[in-house]
Amino acid sequence: MRRREFIALVGGAAASWPLTARAEIYPARPITIICPFAAGGPTDVLARLMAEHMGRTLGQNIVVEDITGAAGSIGVGRVAQAPADGYTLGIGHWSTHVVNGAIYALSYDLLRDFEPIAQLPANPMLIITRPSLPAADLKELVGWIKANGNAMVGTAGVGSGSHIAAVYFQNKTATHLQFVPYRGTDPALIDLMAGRLDMMFDQASEAMARVRDGTIKADAVTASTRLASAPDIPTVDEAGVPGLYINIWYGLWAPKGTPPGVIARLTAAAMAAMADPQVQKRFADLGLEAPPPEQQTAAALGRLQRAEIEKWWPIIKAAGIHAQ
Ligand code: MLT
């Protein structure tokens, strides 16, 4: 038998193996997780934390690739188009997998084109300002924005968590904000620290370290309870903008059609990472809270995503937020 015929024969046989048999040899090569926001930001940091532990469990390297732009919709689109073989996955969160469907004409369907893998930790946002901004607390910040006529706010693009939180704040406080889009919150945070922006809504997992070292100020946390890791930062209720709650929950997804055996291995690896005490300590330092194990499953992520789409799409559409 000639070499080309042999390869064709073996290839044909492999394609006809039952999915479970093929899943048993998965993963046979490195896996890529596409992060749809800039390197160094909260999504990228969580992706790398999960990738490192999941790679050890699965016995293969997991590489994180940042494919940014349009509030994460470019990177998520890349996952939708990837082969459904378990070697390209996507990390995303509340805004990429819920909000973007209400404000962008996406080339993919957020529910139909992906297989959920695991629900990952969540965290609220901090309302942060440049250190030189003359406002000691959230009420003074609102007063300063009104007196100033506007404030320059860094966001990760129209529809990102950092943008939607700012729009919500603007509506609740009857202020006017000028949005400055970046490819993720990390580059925006650099400009905030340098005084080129006035304020931001940034996830606790990213902002906390900069609040601790004094390079930015935090006026409130967008939750009804204070963070255990930063008990001196008041809630929005305490600080004077009640009800401004935003919780950014994360998930891992694969392209639609990824074999169930592959998804099961990935879910188990993600859950093993979240059960590891060292990973849990890192989550706690970052202000991230892992869901209880029964909510970490693929099915639980699917249910959460559907429920959040039903809840938020009418709110976002009524707020008239559109991609330019
Ligand atoms: C990021 O990783 O840069 C953020 O998650 C973007 C956002 O604010 O939604």
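Numbers given to residues run from 1 along each chain, matching the order in which its sequence is written. Since the coordinates come from a predicted model, pLDDT governs what is reported: local features require at least 70, and pairs of side-chain atoms require 80 or more to be given and counted, while whole-chain, interface and lining totals use all residues. The side-chain numbers reported here are obtained from all heavy atoms of the structure, hydrogens and water having been left aside.

I keep staring at the site of the ligand and nothing clicks. Help me out?
Taken together, 13 residues surround the ligand, and among them Thr43, His93, Gly161, Ser162 and Thr185 come closest. Here a polar contact is taken to be a pair of N or O atoms separated by no more than 3.5 Å, where protein atoms must pair a possible hydrogen donor with a possible acceptor and residues adjacent in sequence count only if both atoms sit in side chains. The side chain of His93 places a nitrogen or oxygen atom 2.9 Å from an oxygen atom of the ligand. Here an oxygen atom of the ligand and a side-chain polar atom of Ser162 are 2.7 Å apart. Protein chains shield 100% of the accessible area of the ligand, which is 270 Å² for the free molecule. The secondary structure listing takes helices from DSSP runs of H or I that are at least 4 residues long and strands from runs of E that are at least 2 residues long, numbered from the N terminus. For the shell around the ligand, the secondary-structure elements that each account for two or more residues are α3 (42–58) and α7 (161–173). Bear in mind that the domain bounds are from an automatic or database domain assignment. Lining the shell around the ligand are residues from two domains, each supplying at least three of them: domain 1 (17–122 + 248–318) and domain 2 (124–239). Here a residue is considered near a molecule or strand provided that any single heavy atom belonging to it is located within 4 Å of it. Note on areas: Shrake-Rupley with a 1.4 Å probe; residue coverage comes only from the protein chains shown.

Looking at this model, I keep getting lost on the pattern of salt bridges. Mind explaining?
Criterion for a salt bridge: a side-chain nitrogen of Lys or Arg within 4 Å of a carboxyl oxygen of Asp or Glu. Overall, the coordinates contain 11 salt bridges when judged by the stated rule. Residues Arg196 and Asp191 are paired through a salt bridge, measuring 2.8 Å at the closest nitrogen-oxygen approach. Assessed through its relative accessible area of 17%, Asp191 is described here as buried. The partner of Asp285 in a salt bridge is Lys281, and the shortest N-O contact between them spans 3.2 Å. One end of the pair, Asp285, and the other, Lys281, are both in helix α12 (residues 277–286), four residues apart, so they sit about a helical turn from each other. Partly exposed describes any residue whose relative accessible area lies between the buried limit of under 20% and the exposed limit of over 50%, with all areas from a 1.4 Å probe on protein chains only and scaled to the type maximum. On the basis of relative accessible area, Asp285 is assigned to the partly exposed category, the value being 34%.

In this structure, what is going on with the domain arrangement of the protein? I would like to understand it.
One frequent convention defines the size of an interface as the accessible area lost when the parts assemble. Taken domain by domain, the protein consists of domain 1 (17–122 + 248–318) and domain 2 (124–239). Centre-to-centre, using C-alpha coordinates, domain 1 lies 26 Å away from domain 2. In this complex, domain 1 contributes 24 residues to the contact, which on the side of domain 2 involves 23 residues. Where domain 1 abuts domain 2, roughly 1600 Å² becomes buried across the two surfaces, and 61% of that area is made up of carbon and sulfur atoms. Accessible area, probed at 1.4 Å, shrinks when two parts are joined; the buried area is that loss added up over both. Looking at the side of domain 1 facing domain 2, the largest losses of area belong to Pro42, Ile248 and Leu286, adding up to 27% of the total buried there. Inspection of the domain 1/domain 2 interface yields zero salt bridges. At the boundary of domain 1 with domain 2, the tally comes to seven residue pairs in polar contact (both at pLDDT 80 or more). Residue assignment for the side of domain 1 that touches domain 2 shows that the elements contributing at least two residues are α5 (94–103), β9 (247–255) and α12. The element best represented in the side of domain 1 that touches domain 2 is α5, accounting for five residues. The criterion used for residue contact is that any of the two residues' heavy atoms lie within 4.5 Å.

How should I be thinking about the packing of α3 against α12 in this particular structure?
The relative placement of two packed helices comes down to the angle between their axes together with the axis-to-axis distance. Here an axis means a line fitted to C-alpha atoms, over the contact stretch when the element is a helix, while the angle between two N-to-C directions is reported on a 0 to 180 degree scale. Interaxial distance between α3 and α12 falls to 11 Å at its minimum, and their mutual angle equals 175°. When the axes of α3 and α12 are compared, the pair comes out roughly antiparallel. Facing α3, whose interface residues are Val45, Leu46, Leu49, Met50 and His53, α12 presents Val279, Arg282, Phe283 and Leu286. Basically, the charged four are Asp, Glu, Lys and Arg, the nonpolar ten are Ala, Val, Leu, Ile, Met, Phe, Trp, Tyr, Cys and Pro, and anything else, Gly included, counts as polar. Class assignment for the residues of the contact of α3 with α12 results in seven nonpolar, one polar and one charged. In what follows, roughly perpendicular refers to angles from 65 to 115 degrees, roughly parallel to angles under 35, roughly antiparallel to angles over 145, and oblique to any angle outside these ranges.

Just to check I follow, could you spell out the side chain of Asn123 for this structure?
Position of Asn123 relative to the elements: it lies in strand β4 (residues 114–129). Judged by relative accessible area, which is 0%, Asn123 ranks as buried. Here Ala204 takes part through its backbone nitrogen, which lies 3.3 Å from a polar atom of the side chain of Asn123. A polar atom in the side chain of Asn123 sits 2.9 Å from the backbone nitrogen of Ser205.

Even after reading the chapter, I still don't get unusual backbone geometry, so can you show me in this structure?
Residues other than glycine predominantly adopt negative phi, and peptide bonds predominantly adopt the trans conformation. Of note, the bond from Tyr26 into Pro27 is cis; its omega dihedral lies within 30 degrees of zero at -5°. Looking at where Pro27 falls in the secondary structure, it is placed in the loop between α2 (19–24) and β1 (31–35). In the Ramachandran plot, Ala174 falls in the positive-phi region, its phi being about 50° despite a non-glycine side chain. Using a relative accessible area of 63% as the deciding quantity, one classes Ala174 as exposed.

Explain the nonpolar core here, please?
Nonpolar side chains tend toward joint burial in soluble globular proteins. The criterion is simple. A nonpolar core is a set of buried Ala, Val, Leu, Ile, Met, Phe, Trp, Tyr and Cys residues joined through side-chain atoms within 4.5 Å. Counting residues in each nonpolar core, the largest one holds 83 residues, and the members touching the most others are Ile127, Phe169, Met199 and Phe201. Both domains that furnish three or more residues to this core are identified here as domain 1 (17–122 + 248–318) and domain 2 (124–239). Within the second largest apolar cluster, 18 residues are counted, among which are Leu192, Leu197, Ala204 and Val221.

So what exactly am I meant to see when it comes to the side chain of Gln203 here?
With respect to the helices and strands, Gln203 occurs in strand β7 (residues 199–203). A polar contact is formed between the side chain of Gln203 and the side chain of Asn123, at a distance of 3.1 Å. A polar side-chain atom of Gln203 sits 2.5 Å from a polar atom in the side chain of Tyr250. Among residues more than four places away in sequence, those in contact with Gln203 are Pro42, His93, Asn123, Pro124, Met125, Ile248 and Tyr250.

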